[in-house]
Amino acid sequence: MKRIYLDNAATTKLAPEALEAMMPYMTEIYGNPSSPHYFGQQVAAALDKARQQVAGAINAEPGEIIFMSGGTEADNTAIRGIAERYAKKGRHIITTAVEHHAVLHTCKLLERQGYEVTYLPVDEYGMVTVDQVREAMRDDTILVTVMFANNEVGTIMPIPEIGALCRERKVFFHTDAVQAVGHLPIDVKAMNIDMLSMSGHKFHGPKGVGALYVRKGIVLPPLIEGGAQERNRRAGTENVPGIVGMGRAIELACDGLLEKGEKMKLLRDKLIRELPLRIPEIKLNGHPTMRLPNNVNYSIKYIEGESILLMLDLKGIAASSGSACTSGSLDPSHVLLAMGLTHEVAHGSVRMTLSDETTEEDIDYVLEVLPRIAERLRGMSPLYKG
Ligand SMILES: *Cc1c(COP(=O)(O)O)cnc(C)c1O
């Protein structure tokens, strides 16, 4: 059976070029980059190159990039680091209700340690405004952390505006850009971003590797202790093949980024436009235009997202209901609930996230299969009156 992968927000396929770049570092080039001999220095040079590739992709300096295990660790490092270091200045943090759990659960942890967190509500599209951030700011606010783009509904937040506000008020600004890096143009300097999280496996790099950008001059205590790696900012022998692969992958992702985005947008918009013509009573989740080029998220009323996913999978289509982290549990997505959806409508959500390898035939196949599945499931649903 032909299989169509539409779950690129959960993870992406490793780019062959990234694998090729990694291979020598899993075989004959095995030195420890901290060693002063030839074997080590050869590997240290590979890390330098990857650091330049990652920094170049977001207009940062190589010294501002800390390699680590992924997006989750980057979020933890930024938020817990600022909280610890600046506790004397204040203990108030501003975030949004729709962040990834890597941010939300970290904020919950800090609340248990005596910090105060404001979770900004979002509008029906999953958006916060810069005015909401401004109004939430207090004299003891030390950090604003707002995601660049939402992993479930694809809504793109007003990052440059929030960045400008934070810079003016001298409050640190972190953004979880895991869904944005390699998909949207990012300039940390122009956008006044102090810290930014990214993850290799969300842009066709390997899993288990990510990076935190920390603007020069900001000193963060390390989350992981035990060595002087990453200039004392993240201990532990580096995941060398992972870092090399992520460097190559980010370079590839940013090459022709806008063109690839336009191509995905056409397919995204075909799905967004044509699904409601074939399935009555469905609702687009997320912003109609301020939206990741690869994200489609619909609630199909009166049926369960989980049942839709199982039936799509039987037809060879891999999608997600809300987010990979919440599927498997029966709780509806916190993002959809924050956007004001009822539990029932939130339960009926299906997320399809494209890659630049997605074809028009793939989309046409979804347009053929999904309406039939919806009709069948609704036929069995006691809630649906037809
Ligand atoms: C995937 C994801 C993460 C977690 O990244 P990992 O590298 O898998 O730890 C964090 N934030 C967002 C928005 C994500 O989509």
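Caption draft 1: Expanded view of the domain arrangement of the chain. Domain boundaries assigned for the chain yield domain 1 (4-12 + 257-379) and domain 2 (16-254). Relative placement of domain 1 and domain 2: their C-alpha centres are 27 Å apart. If you sort the residues of domain 1 by the area they bury against domain 2, Thr12, Leu257 and Leu292 come out on top, with a joint share of 25%. Viewed at the interface, domain 2 and domain 1 are joined by 18 residue pairs in polar contact (both at pLDDT 80 or more). Within the residue set of the side of domain 1 that touches domain 2, elements represented by two or more residues are α9 (257-278), β10 (295-300) and α11 (334-338). If you tally residues by element for the side of domain 1 that touches domain 2, the top one is α11, at 4 residues. Across the side of domain 1 that touches domain 2, the residue classes tally to 13 nonpolar, 15 polar and 4 charged.

Caption draft 2: Region of the structure containing the site of the ligand. Near the ligand you find 13 residues, and of these Thr72, Asp176, Gln179, Ser199 and Lys202 are the closest. The side chain of threonine 72 places a nitrogen or oxygen atom 2.6 Å from an oxygen atom of the ligand. Residue aspartate 176 places a side-chain N or O atom 2.7 Å away from a nitrogen atom belonging to the ligand. Its free accessible area being 380 Å², the ligand has 86% of it covered by the protein chains. Examining the composition of the shell around the ligand, we find that 3 residues originate from one element, helix α3 (residues 71-85), more than from any other. Residue composition of the shell around the ligand, by class: 2 nonpolar, 8 polar and 3 charged.

Caption draft 3: Representation of the sheet that holds strand β12 (residues 349-353) within the structure. Spatially, 3 strands are ordered β9-β10-β12 in an open sheet, and the strand pairing comes out antiparallel. Either end of the sheet is taken by a strand with one partner, and the two such strands are β9 (282-284) and β12. This sheet shows a mean twist of 25 degrees between the axes of neighbouring strands, independent of strand direction. Across 3 bridges, β9 lies against β10 in antiparallel orientation. Of the residues in β10, the one forming a bridge with leucine 284 is tyrosine 298.

Caption draft 4: Inspection of the sheet that holds strand β6 (residues 172-176) at higher detail. In space, the 7 strands of this open sheet follow the order β2-β8-β7-β6-β5-β3-β4, with mixed pairing throughout. The open sheet has two free edges, formed respectively by β2 (65-68) and β4 (116-120), since each of these has just one partner strand. Averaged over all pairs of adjacent strands, the angle between strand axes in this sheet comes to 20 degrees, irrespective of strand direction. Examined bridge by bridge, strand β5 (residues 141-145) and β6 share 3 bridges and lie parallel to one another. Bridge pairing in β6 places leucine 143 opposite phenylalanine 172. Its contacts with the sheet place helix α2 (residues 38-57) against β2, β7 (195-199) and β8 (210-214), and it is angled at close to 115 degrees to β2. Against the sheet, helix α4 (residues 101-112) touches β3 (92-96), β4, β5 and β6, its axis set at about 145 degrees to β4.

Cut-off values and rules
By convention here, each chain's residues receive numbers from 1 onward along its written sequence. A pLDDT threshold of at least 70 governs which residues receive local features in this predicted model, and a stricter bar of 80 or more applies before side-chain atom pairs are shown or counted, although totals over entire chains, interfaces and linings include all residues. Water and hydrogen atoms play no part in the side-chain values, which are based on all heavy atoms of the structure. Those domain boundaries reflect an automatic or database domain assignment. Two parts placed together each lose some accessible area under a 1.4 Å probe, and adding up what both lose gives the buried area. Pairing of N or O atoms within 3.5 Å defines a polar contact, subject to two protein rules: one partner must be a possible hydrogen donor and the other a possible acceptor, and residues neighboring in sequence count only if both atoms are side-chain atoms. Numbering of helices and strands runs from the N terminus; a helix is a DSSP stretch of H or I covering at least four residues, while a strand is a stretch of E covering at least two. Residues are grouped as follows: Ala, Val, Leu, Ile, Met, Phe, Trp, Tyr, Cys and Pro are nonpolar; Asp, Glu, Lys and Arg are charged; all remaining types, including Gly, are polar. Only heavy atoms are used to decide nearness, and a residue is near a molecule or strand if one of them lies within 4 Å of it. Here the open area of atoms and residues is found with the Shrake-Rupley method and a 1.4 Å probe, where only the protein chains shown may cover a residue. Any two strands with at least two DSSP-identified bridges between them are counted as paired. Every axis in this analysis is a line fitted to C-alpha atoms, fitted for helices over the stretch in contact. Angles between the N-to-C directions lie between 0 and 180 degrees. We call two residues contacting when some pair of their heavy atoms lies within 4.5 Å.

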